[in-house]
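# Examining the three-dimensional arrangement
The residues making up each chain are set out below.
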Amino acid sequence: MRLTRKRLCSFLVLLYCLFSLYAAYSVFFKPQQATRVHRVANKKERKSKEPSTLGKEDWNPWKEDENNEQQALQKKYEQDTERLKNLVARNEPTELRIQIWGKAAIGLYLWHHIVEGFLEPADEVAQWREGNLKFGKTLFSFITGPAVVPGYFPVESENVVLVLNGREEAKISFATQWLRYAQALVQARRLQHVSVVLLGSEQCDNDWMWSYLRRNGGFVELLFVVYDSPWVNEVDVFQWPLGVATYRKFPVVEPNWSMLRASRPFLCNFLGTIYKNSSREVLMEVLKKDGLDKLCWIAVREEWQPKETNESLRSYQDALLQSDLTLSPVGINTECYRIYEACSCGSVPVVEDVMTPGQCGNSSSSRSAPLQLLKSMGAPFIFIKNWAELPAILEKEKTMSLNDKIERRKKLLEWYRHFKAQLRLKFTRALEESFLPQTKEG
């Protein structure tokens, strides 16, 4: 009985070994036979390469170019990102922790578009959203939402960047409350360093902020301010971009093959509000005079609308993606969200390069207002002084080849990516140089 059991066990072990050897041979050595499913798929693939199917939408003659281009762009992006990280980390042994309090919509442009961080939960109407991201030696944490109220959230770092809106009186009152709260924490020694990212007045009337700057006896070490403020000195006051309209849910747009290479049906676009006695009225007259409005995607309204519907946002994005140029007339300020949204979609901004009324203008560090920041970083835009120049620009567009437009589009998208990367580096460096203890050599 014992001998029989032993023989049975030996037989089962031998059978298992033989089966394992066969399985290994089938996987690694045996030529694969096409199943019926594979044969059908291969037949379709062969047919897709035949000349008779050139007109079909599924066939993509540039697929290999697209893949190579996407891989090249991704590789370049990764190399540039790594180089930027190394630049920040170099010779900086101290790790810095900074908490960003996002109490204005431009905070989302800073976090999602510049820093390239994510927030949890993803729901944009959540009461509390937070995220973390390490760049070089600096660990950023970001909090935002209606539940972020002075005195009712954890202060997790001695170093804080406060993102505020100072465009109008009601916003200034709200911003002042946050500044006083931060000041109280500094006095109580719970905070050591505070900087501010400010959506300033469109007329650059930011005098209410002056007393809070450290150089004037206040506690704010660095100020990153939107628009061409004459305060900008690249020492403790820096110009910051307006960015895209995150309050209207304009998303992070990732370039794809169609955005780069597809022919666009419209020469230009303008979707916006027509103000009385403004250059926008002049623009519309120029477009209608020679029927140029028929070549462009034009949709205007008489009153500004702060909110977007899903339909209007989709229509606006389609206009950007289907136009070679985006017309950007001045509003209350020369700088507008449209400029950055056009860059996101590869549509070249045609910018009315004139100063608007107010206190904005040249600073001690630049003499090229308006749009000093964009010009200093080599923005590949079309700048004009008068909309009477537009017909000649559109005539040139008509004769431009698709290849030339593709190259221009690539240049714009690459510039915008580099622009954001450089701002991320500049922002981080400025904070590190100000917040980290300085070691004296010698």
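Rules behind the numbers
Residues numbered from 1 in each chain as written. Predicted model: local features only at pLDDT ≥ 70, side-chain atom pairs only at ≥ 80, totals over all residues. Heavy atoms only, no water. Pairing = 2+ DSSP bridges. Helix = DSSP H or I, 4+ residues; strand = E, 2+ residues; numbered from the N terminus. Axes fitted to C-alpha atoms, helices over the stretch in contact; angles between N-to-C directions. Contact = heavy atoms within 4.5 Å. Parallel < 35°, antiparallel > 145°, perpendicular 65-115°, else oblique. Left-handed = near helix turned anticlockwise from the far one by under 90°. Nonpolar A, V, L, I, M, F, W, Y, C, P; charged D, E, K, R; others polar. Buried < 20%, exposed > 50% of the residue type's maximum accessible area, 1.4 Å probe, protein only. Phe/Tyr/Trp six-rings, centres within 6.5 Å; stacked < 30°, edge-to-face > 60°. Disulfide = S-S within 2.5 Å. Salt bridge = Lys/Arg side-chain N within 4 Å of Asp/Glu carboxyl O. Right-handed = clockwise from strand over helix to strand, strands pointing away.

### Here's the deal with the sheet that holds strand β10 (residues 323-328)
Strands sit in the order β9-β8-β10-β11-β12 across an open sheet of five strands; the sheet is parallel. Each edge of the open sheet is held by one strand with a lone partner, namely β9 (296-301) and β12 (382-384). Across the sheet, the axes of successive neighbouring strands diverge by a mean angle of 20 degrees, strand direction being ignored. Bridge analysis of strand β8 (residues 266-273) against β9 gives six bridges, and the strand direction is parallel. Residue pairing in the sheet places glycine 272 in a bridge with valine 300 of β9. Sitting on the sheet, helix α8 (residues 310-321) is in contact with β8, β9 and β10, with an inclination near 145 degrees to β8. The strands touched by helix α12 (residues 402-435) within the sheet are β8, β10 and β11 (348-352), with β10 carrying the most contacts at an inclination of about 55 degrees.

### Quick word on the packing of helix α4 (residues 106-114) against α12
Axis separation between α4 and α12 bottoms out at 10 Å; the angle between their running directions is 110 degrees. The angle between the axes of α4 and α12 places the two elements in the roughly perpendicular class. Our pair here, α4 against α12, has a crossing hand that is left-handed. Between α4 and α12, the residues in contact are Tyr109, Leu110, His113 and Ile114 and Tyr416, Phe419, Lys420, Leu423, Arg424 and Phe427, respectively. Counted by class, the contact of α4 with α12 contains seven nonpolar, one polar and two charged residues.

### Brief notes about the sheet that holds strand β3 (residues 138-144)
One open sheet accounts for seven strands, arranged β2-β3-β1-β4-β5-β6-β7; its pairing is mixed. The outermost strands of the open sheet, each flanked by one partner alone, are β2 (129-135) and β7 (237-240). For this sheet, the mean angle separating the axes of adjacent strands, direction not counted, is 20 degrees. Two elements, β2 and β3, share seven bridges in a ladder whose sense is antiparallel. When the sheet's bridge partners are listed, asparagine 132 is paired in β3 with serine 141. Taken strand by strand, helix α5 (residues 169-187) contacts β1 (96-102), β4 (159-165), β5 (193-199) and β6 (220-226), and its axis lies near 165 degrees from that of β4. Lying on the sheet, α12 is in contact with β1, β2, β3, β4, β5, β6 and β7; it crosses β6 at an angle near 160 degrees.

### As for helix α9 (residues 337-344)
Buried residues dominate α9, accounting for eight of its eight residues. If you check which residues of α9 are buried, you get Tyr337, Arg338, Ile339, Tyr340, Glu341, Ala342, Cys343 and Ser344. The positive-phi residue at the C-terminal boundary of α9 is glycine 346, with phi of around 75 degrees.

### Observations concerning the packing of aromatic side chains
Going through the model one piece at a time under the given rule, you end up with 24 aromatic pairs. Ring centres 5.1 Å apart and planes at 25 degrees place the aromatic pair tryptophan 111 and phenylalanine 142 in the stacked group. With tryptophan 111 in helix α4 and phenylalanine 142 in strand β3, this pair connects stretches of sequence that are 31 residues apart. Geometrically, the ring pair formed by phenylalanine 381 and phenylalanine 383 is tilted, given 5.9 Å between the ring centres and 40 degrees between the ring planes. A relative accessible area of 10% places phenylalanine 381 in the buried class. Overall, the relative accessible area of 29% leaves phenylalanine 383 in the partly exposed class.

### Re the state of the cysteines
Between two cysteines, a covalent bond joining their sulfur atoms is known as a disulfide. A full pass over the atoms with the stated rule returns two disulfides. Shown here is the disulfide that connects cysteine 204 with cysteine 360, its sulfur atoms set 1.9 Å apart. Because the sign of the S-S torsion sets the handedness, a value of about 95 degrees for the bond joining cysteine 204 and cysteine 360 places this disulfide among the right-handed ones. In this pair, cysteine 204 sits in the loop between β5 and β6 while cysteine 360 sits in the loop between β11 and α10 (372-376), placing the two residues 156 residues apart along the sequence.

### Focus on the pattern of salt bridges
In this structure the tally under the stated criterion is 16 salt bridges. The partner of glutamate 202 in a salt bridge is arginine 167, and the shortest N-O contact between them spans 3.8 Å. Of this pair, glutamate 202 sits in the loop between β5 and β6 while arginine 167 sits in the loop between β4 and α5, and the two are 35 residues apart along the sequence. Exposure remark for arginine 167: the relative accessible area of 28% places this residue in the partly exposed category. A salt bridge links arginine 408 to glutamate 397; its shortest N-O distance comes to 2.7 Å.

### Thoughts on the pairing of β11
Counting buried positions along β11 gives five out of five residues, so the element sits mostly inside the fold. Side chains Val348, Val350 and Glu352 project from β11 onto one buried face, and the interleaved Pro349 and Val351 project onto a second face that is buried too. Where the polypeptide runs from β10 across α9 and back to β11, its parallel neighbour, the crossover connection is right-handed. Alignment of β11 against β12, held across three bridges, turns out to be parallel. Residue pairing in the sheet places valine 351 in a bridge with phenylalanine 383 of β12.

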